[in-house]
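# Descriptive structure summary
Take a look at the letters that make up each chain.
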Amino acid sequence: MDAFSSTFLSTLSQHPKSLLSPYNYSPNSPSSPTLKVSSVRIEERPQTTTTRTKPQEKPTPSPPKPTPKRELPIKPIPSRKPLEPSFPSVIFNAFDDFVNTFIDPPLRSSVDPRYVLSDNFAPVDELPPTECEVVEGFLPPCLDGAYIRNGPNPQYLPRGPYHLFDGDGMLHSIRISQGKATLCSRYVKTYKYTIERDAGSPVIPNVFSGFNGLTASAARGAITAARAIAGQFNPTNGIGLANTSLALFGGKLFAIGESDLPYAIKIAPDGDIITLGRHDFDGNLFMSMTAHPKIDPETNEAFAFRYGPMPPFLTYFRIEPNGTKTPDVPIFSMTRPSFLHDFAITKKYALFSDIQIGMNPIELIRGGSPVGTDSGKIPRLGVIPRYAKDESKMRWFDVPGFNIVHAINAWDEDGGDTIVLVAPNILSVEHTLERMDMIHACVEKVKIDLKTGMVSRHPVSTRNLDFGVINPAYVGKNNKYVYAGIGDPMPKITGVAKLDVSVAETDRRDCIVACRLFGEGCFGGEPFFVAKDANNPEADEDDGYVVSYVHNEKTGESRFLVMDAKSPNLDIVAAVKLPRRVPYGFHGLFVRESDLSKL
C-alpha cells in the first residue's frame, strides 16, 4: 500500500514490539547505522552460503526431500558509483536533517526505522534473473508463468520517521518454466524512484510518516515546496510508490499503489522485470486508483475506485476489457473522508465500506497523525449497481462494529435481493495505526437484505486471519473456499488456513477445514490460489495450489512454497530455495505463461 497523497492511511503499523534489535539491513551487516546518515543506498549482496540444517517449516507430514543438489551460480549485481548531490540538494538535505533531528525525530516505534526495518522487513538491492533450486518435490506444469509479489523496499536509508508503507515498490518475481524457476527482484521505476535515483538522495518526503503535528508538517511542507520550485521534481508527474499490489486487466499488467496512477510492467522471457511507465488510460484516469481492482473472470471487466481527502471522497469507475475507462461516478453521499483500501463486487452490485478510520485534523493540532480512528462513528456498507452511471441508486446500511480493510468476496442471493459479503473484521480498530501486533481480524459473513434493509452477520472463524484470497474464477460469485494468512501476531504470517464459508448461519463451528503452519521462526505472506486447469469449468473450486514466499528467520533462507489446496494439511508439493532472502511484503499475483506472452 502506498503512503497517502490522495490516499491517507496504511493499516500495517509496526514490526512487533518484541523486535527491539537495531538496524539490520543485511544479515552480514557489521554495524548499526544511525538516523543521521543521509543519502545512503541500501545494498545487500546475495548469500552464497548453504545450510544443510532442515528448517522446521511444517509440523504436518509432507513428501521426503530429495538428495540436495549442487549450488547454482548467482549472477553478480553490477555496482554503481554513488552520485554527488547537487548544491541545492545539499542545502535541502541539511534542512531535512535538522527537522528529523530536532523538530520531528522518530520517537514512536511505529515510525522508527530501527523497528520498522528490522529482520526480514529490511530492504534488499535489486537482483537480476537468477536460477533457483527446487529442493523438494516438483513444480506442476500449471505453474508455468510467473508469481509476482509487491512490497515496500526503501531505496535509501531513512533520515527520519519511516512507516512500513513509505517504501519504494519492489517486485519479486519467480518465473517458472518446465519445472525450473528463476527469481528476479526489481524496483518499480516510478517517477519518485527515478528522480531520487538520479539525484543520489531522497527528494520527496515520506508522506505517511513525515507529517506529524503542525510544526513538523509546516517545516517539511516548506522544504518540499522549495524542492519543487527549484525544479528537483514535478508533483504533477505523481509521487506514488506503486508498492502495494499487482493486477492484470485491459491487456496490461500493472503494479499499483493507491496514491498514484498504476505503472504498467512486463516480465521478459529471461524472467527480468521491466517497467513500461505510468498509465492514465488515454488521459481518462486522474490522480489515482485503488490497489485492489476487481476483475470479473467472465466479462474481463475491471471495476475500481479512488478516494481522497477532498470531495468527492469516493469515485467509482470501471475499465473495459479493451482498456477503455468509463466515466467517473462520484459518490457524494460519502460525506467525510474514510479509509477505503478495498471493496467487493457481485454480478449486480459494488460494495464499499465506510469504516471508523479516516481523517482526523484535531490529532494534527495535538502533534499526531492527521489520520486516526473515530470511535463514535458507526461503520456502514454502501451498495451501488455495478453499472451505475450516477449515485442515485446508492444505498448505505449501518453495520456497527464492522471495520474492514480487505474484502475477500461477495455475491448475490435470492435473485439479487440479498447480498453476501465475506471479509476480515478488524477488532480493536483503535490500535490499527500504532500497534499492528495487537490487531485481531475475525473473518465474518455479512448478509444485506435489500428488501427489508436488515443486515445480519456472523463470524466464520475466530482465528486471527487476513490477506484472504479465493479461486480467481469465483470473483463476484458464490464461492466455498477461502485461503487466508494466519497472523501470530500481524503483520507476520505464520501459516495458511483454508476456510469453508458455506457453513450455514445456524452452525457456529469454526470453518477452518485445513491448515499449514510454516514452522518455528518461519513466516510468509499473502497466499495465492492457482487452479490446476483454469479453462475447465467442471473442475472443483479447490482443485489447485496455494503458493507463497516463506522466510526462515533462524537460517536467513527464503523459499517459494507450493501447497496442495485440496489436501487436509495443505501438503507441500514443491519447495524452491531462493538465491537470497525475499523481504516481507504485501499482495501478489500469478500470471500464466499464455498471458505473459501477450504483454
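We now turn to the structure provided with this report. (Residues numbered from 1 in each chain as written. Predicted model: local features only at pLDDT ≥ 70, side-chain atom pairs only at ≥ 80, totals over all residues. Heavy atoms only, no water.)

### Considering the overall build of the protein
Put simply, the rule reads: Only DSSP runs of H or I with at least four residues qualify as helices, and only runs of E with at least two residues qualify as strands; both kinds are numbered from the N terminus onward. To sort residues, take the accessible area from a 1.4 Å probe on protein chains only and compare it with the maximum for the residue type: under 20% means buried, over 50% means exposed, and anything in between is partly exposed. Any pair of residues with heavy atoms lying within 4.5 Å of one another is described as a contacting pair.
Looking only at helices and strands, one finds six helices and 33 strands in the protein. Here the protein holds 599 residues, and 60% of them are scored as buried. Restricting to contacts in the protein with at least 6 residues of sequence separation, those with at least 24 account for 66%.

### A few points about the nonpolar core
We count it as follows: Here, nonpolar core means buried Ala, Val, Leu, Ile, Met, Phe, Trp, Tyr and Cys residues that are tied together by side-chain atoms lying within 4.5 Å of each other.
Core analysis: the biggest nonpolar cluster contains 66 residues, and F352 and I384 have the highest contact counts within it. With five residues, the top contributor of residues to this core is strand 25 (residues 481-487). Not counting chain neighbours up to four residues away, the residues in contact with I384 comprise Y316, V329, I331, K348, Y349, A350, F352, D390, E391 and M394. Membership of the second largest hydrophobic core comes to 46 residues, among which are L127, I148, V582 and V591.

### Let's talk about the pairing of strand 31 (residues 557-564)
Going by this rule: At least two DSSP bridges between two strands are required for those strands to pair.
Taking burial as the measure, the eight residues of strand 31 include seven buried ones, the bulk of the element. Counting the residues between successive antiparallel strands, the hairpin from strand 30 (residues 544-552) to strand 31 contains four residues, one of them, G556, with a positive phi of roughly 80°. For strand 31 and strand 32 (residues 572-577), the ladder comprises five bridges, and the chain directions are antiparallel. Along strand 32, the bridge assignment pairs F560 with V576.

### A short note on the sheet that holds strand 19 (residues 395-398)
In space, the four strands of this open sheet follow the order 14-15-18-19, with antiparallel pairing throughout. Of all strands in the sheet, those with a lone pairing partner are strand 14 (344-345) and strand 19, marking the two edges. One ladder, built from four bridges, connects strand 18 (residues 380-385) with strand 19; its direction is antiparallel. Residue R380 lies in a different strand from strand 19, and its bridge partner there is D398.

### A word on the packing of aromatic side chains
To keep it simple, the criterion reads: Ring pairs are drawn from Phe, Tyr and Trp, using the six-membered ring of Trp, whenever the two centres fall within 6.5 Å, and their geometry is named by plane angle: stacked under 30 degrees, edge-to-face over 60, tilted for the rest.
With the rule as written, the count across this model stands at 19 aromatic pairs. A centroid spacing of 4.8 Å and a plane angle of 80° characterise the contact between F165 and F586, whose relative ring orientation is edge-to-face. Taken together, the residues F165 in the loop between strand 3 (145-152) and strand 4 (169-177) and F586 in the loop between strand 32 and strand 33 (588-592) connect sequence positions 421 residues apart. Where F303 meets Y387, the ring centres are 5.9 Å apart and the plane angle is 70°; that geometry is what we call edge-to-face. One end of the pair, F303, is in strand 11 (residues 302-307); the other, Y387, is in the loop between strand 18 and strand 19, and 84 residues separate them in sequence. Feature note: the residues F305, Y307, Y316, F339, F343 and F352 constitute an aromatic cluster, connected by ring pairs.

### Describing the pairing of strand 4
Counting buried residues along strand 4, eight of its nine residues qualify, which places the element largely inside the surrounding structure. The sheet contact formed by strand 3 and strand 4 spans eight bridges and is antiparallel. In the sheet register, A146 faces strand 4, and the bridge partner there is R175. Taken together, strand 4 and the strand that follows it, strand 5 (residues 180-187), pair antiparallel across an intervening segment of two residues, in which Q178 is found at a positive phi of about 50°.

### Considerations on the environment of P489
Within the element layout of this structure, P489 appears in the loop between strand 25 and strand 26 (493-500). Residue class for P489 comes out partly exposed when judged on its relative accessible area of 31%.

### Some thoughts on helix 3 (residues 191-199)
Every buried residue of helix 3 is listed here: Y191, K192, Y193, I195, E196 and A199. Among the structural elements, strand 5 and strand 8 (263-267) are those in contact with the buried residues of helix 3. Directly after helix 3, the chain includes G200, whose backbone phi takes a positive value near 80°.

### A closer look at the side chain of T315
Positionally, T315 belongs in strand 12 (residues 314-319). Each residue touching T315, except ones within four places of it in the same chain, is listed here: A304, F305, R306, D328, V329 and P330.

### Observations concerning empty space enclosed by the protein
Quick reminder of the rule: Residues are said to line a cavity or pocket when one of their atoms sits within 4 Å of a point; the points come from a 1 Å grid over protein atoms alone, cavities being sets where a 1.4 Å probe fits but cannot get out and pockets being open sets with protein on both sides within 12 Å along at least five of seven lines. Grid points are joined across faces, edges and corners, and a volume is the space filled by probe spheres set on the points. Throughout this entry, Asp, Glu, Lys and Arg are counted as charged residues, while Ala, Val, Leu, Ile, Met, Phe, Trp, Tyr, Cys and Pro are counted as nonpolar. The remaining residues, Gly among them, count as polar.
Using the criterion set out here, one finds seven cavities of 30 Å³ or more in the structure. Put simply, the largest cavity is a space of about 380 Å³. Surrounding the largest cavity, 26 residues form its lining, R159, P202, I204, P205 and N206 being those nearest its centre. Of all the secondary structure elements, the ones that give two or more residues to the lining of the largest cavity are helix 1 (87-103), helix 3 and helix 4 (214-229). Here the element with the most residues in the lining of the largest cavity is helix 4; it accounts for four residues. In the lining of the largest cavity, the residues fall into 12 nonpolar, six polar and eight charged. Reported here for the second largest cavity is a volume of approximately 170 Å³. In this structure, the second largest cavity is lined by 24 residues; those nearest its centre are R149, G524, G525, Y584 and G585. Put simply, the parts of the chain that give the lining of the second largest cavity at least two residues each are strand 3, strand 28 (522-524) and strand 30. A total of four residues in the lining of the second largest cavity trace back to one element, the largest contributor, which is strand 30. In terms of residue class, the lining of the second largest cavity is built from 15 nonpolar, seven polar and two charged.

### Some details on the environment of A230
Topologically, A230 is positioned in the loop between helix 4 and strand 6 (245-249). Separated by 141 residues in sequence, A230 and S89 have C-alpha atoms that sit 9.7 Å apart.

### A look at the pattern of salt bridges
So the rule is basically this: Take a side-chain nitrogen of Lys or Arg and a carboxyl oxygen of Asp or Glu: if they are within 4 Å of each other, that pair is a salt bridge.
All told, the structure shown has 38 salt bridges when counted by the stated rule. Close ionic contact of D272 with R186 constitutes a salt bridge, the shortest N to O distance being 2.8 Å. A residue pair is termed long-range when its members are at least 10 positions apart, and D272 in the loop between strand 8 and strand 9 (273-278) and R186 in strand 5 qualify at 86 residues. Residue D272 shares its accessibility class with R186, and that shared class is buried. Salt-bridge contacts for K377 lead to D354; the nearest nitrogen and oxygen are separated by 2.6 Å. Pair noted here: K377 is in the loop between strand 17 (371-373) and strand 18 and D354 is in strand 15 (residues 349-354), with a separation of 23 residues, a long-range link. Each of the two residues, K377 as well as D354, counts as buried. Within the structure, one salt-bridge network assembled from shared partners comprises D296, E298, E301, R318, E320, K347, R386 and K477.

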